[in-house]
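# Report on the structure
Listed below, chain by chain, are the residues.
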Amino acid sequence: MLGNTYEGQDCALARALEVIGERWTLLIVRDAFYGVERFNDFRAHLDIPRAVLAERLGGLVDDGVLERQPDPGHAGRHRYRLTPEGQDLWPALHALLVWGGRHRQLNALSFKHAECGSALDDNGACPACKVVPAPQDVLTEPVRRTERQDPVALALRRPHRLLEAISADGEDGETPRL
Ligand SMILES: [Zn+2]
């Protein structure tokens, strides 16, 4: 079996990939930026086997990227939120979204500076305000329809601030508008 470390590599990229380089891991981090917090919501949006999701979430908690908290809405369950260290992955994630959109497939969501509504440039900066907004100041907006019908995908059809919780699974969740 292939290990997930690169002991022989004296390189910061190797250290980063030991945290986010496994299959699914960066998509889980992406969903955490979108505001997904609950196991069932990650699962519904990612179509990921339960065991793999549980292992990846546990690994991200162990690595300090996510923190696990009791879910006030569901006794015995947890919610997962990005730590400050995890939120530091936003520029890298945004850069990969830009690359994928340019060379592979246009992203379904665009990213705007919440304060002024300007689209972020390829470096994640607001060209109007000349700042690089923190993720909580970034607004996502759909630019095309997706076929996905899961509760997270439906919630993301409306403008949505990064890191703002999506309560697709909770009874206190809003009904997504189509
Ligand atoms: Zn702006």
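Here the structure is a predicted model, which means the values were calculated and not measured.

Reading the values: the criteria
- Residues numbered from 1 in each chain as written.
- Predicted model: local features only at pLDDT ≥ 70, side-chain atom pairs only at ≥ 80, totals over all residues.
- Heavy atoms only, no water.
- Helix = DSSP H or I, 4+ residues; strand = E, 2+ residues; numbered from the N terminus.
- Buried < 20%, exposed > 50% of the residue type's maximum accessible area, 1.4 Å probe, protein only.
- Axes fitted to C-alpha atoms, helices over the stretch in contact; angles between N-to-C directions.
- Parallel < 35°, antiparallel > 145°, perpendicular 65-115°, else oblique.
- Contact = heavy atoms within 4.5 Å.
- Nonpolar A, V, L, I, M, F, W, Y, C, P; charged D, E, K, R; others polar.
- Phe/Tyr/Trp six-rings, centres within 6.5 Å; stacked < 30°, edge-to-face > 60°.
- Polar contact = N/O pair within 3.5 Å; in protein donor to acceptor, adjacent residues only side chain to side chain.
- Donors = N, O, S within 2.8 Å, 3.2 Å for Na, K, Ca; no water.

Another aspect to go through is the environment of R38. You can see R38 is positioned in the loop between helix 2 (25–34) and helix 3 (39–46). Judged by relative accessible area, R38 falls into the buried class, the value being 7%. Through-space distance from the C-alpha of R38 to that of H103 is 32 Å; in sequence the pair is 65 residues apart.

Take the packing of helix 2 against helix 6 (residues 90–103) next. Between helix 2 and helix 6, the shortest axis-to-axis distance is 11 Å and the interhelical angle comes to 110°. Taken together, the axes of helix 2 and helix 6 lie roughly perpendicular to each other. Of the residues in helix 6, those touching helix 2 at L26, R30 and F33 are W90, L93 and L96. For the contact of helix 2 with helix 6, a count of residues per class yields five nonpolar, no polar and one charged.

In the structure shown here, the tally under the stated rule is two aromatic pairs. Where W90 meets F111, the ring centres are 5.4 Å apart and the plane angle is 65°; that geometry is what we call edge-to-face. With W90 in helix 6 and F111 in strand 3 (residues 109–113), this pair connects stretches of sequence that are 21 residues apart. The pair formed by W90 and F111 is uniform in burial state, with each residue classed as buried. A connected cluster of aromatic rings, assembled from ring pairs, spans F33, W90 and F111.

All right, on to the environment of E37 then. Relative to the elements of secondary structure, E37 occurs in the loop between helix 2 and helix 3. Residue E37 is classed as buried on the basis of its relative accessible area of 4%. Taking the C-alpha atoms as reference points, E37 and A75, separated by 38 residues in sequence, lie 15 Å from one another. Beyond its immediate stretch of four places on either side in the chain, E37 contacts F42, H78, R79, Y80, R81 and A165. Polar contacts involving the side chain of E37 include one to the side chain of R81, which spans 2.6 Å.

Let us now look at the coordination of the zinc ion. Ligation of the zinc ion by protein atoms is provided by H113 (ND1), C116 (SG), C126 (SG) and C129 (SG), these donors lying 2.1 to 2.3 Å from the ion. Ordering the donors of the zinc ion by residue number gives the pattern H-x2-C-x9-C-x2-C. One end of the pair, C116, is in the loop between strand 3 and strand 4 (138–142); the other, C129, is in the loop between strand 3 and strand 4, and 13 residues separate them in sequence. Since its relative accessible area comes to 37%, C116 is described here as partly exposed.

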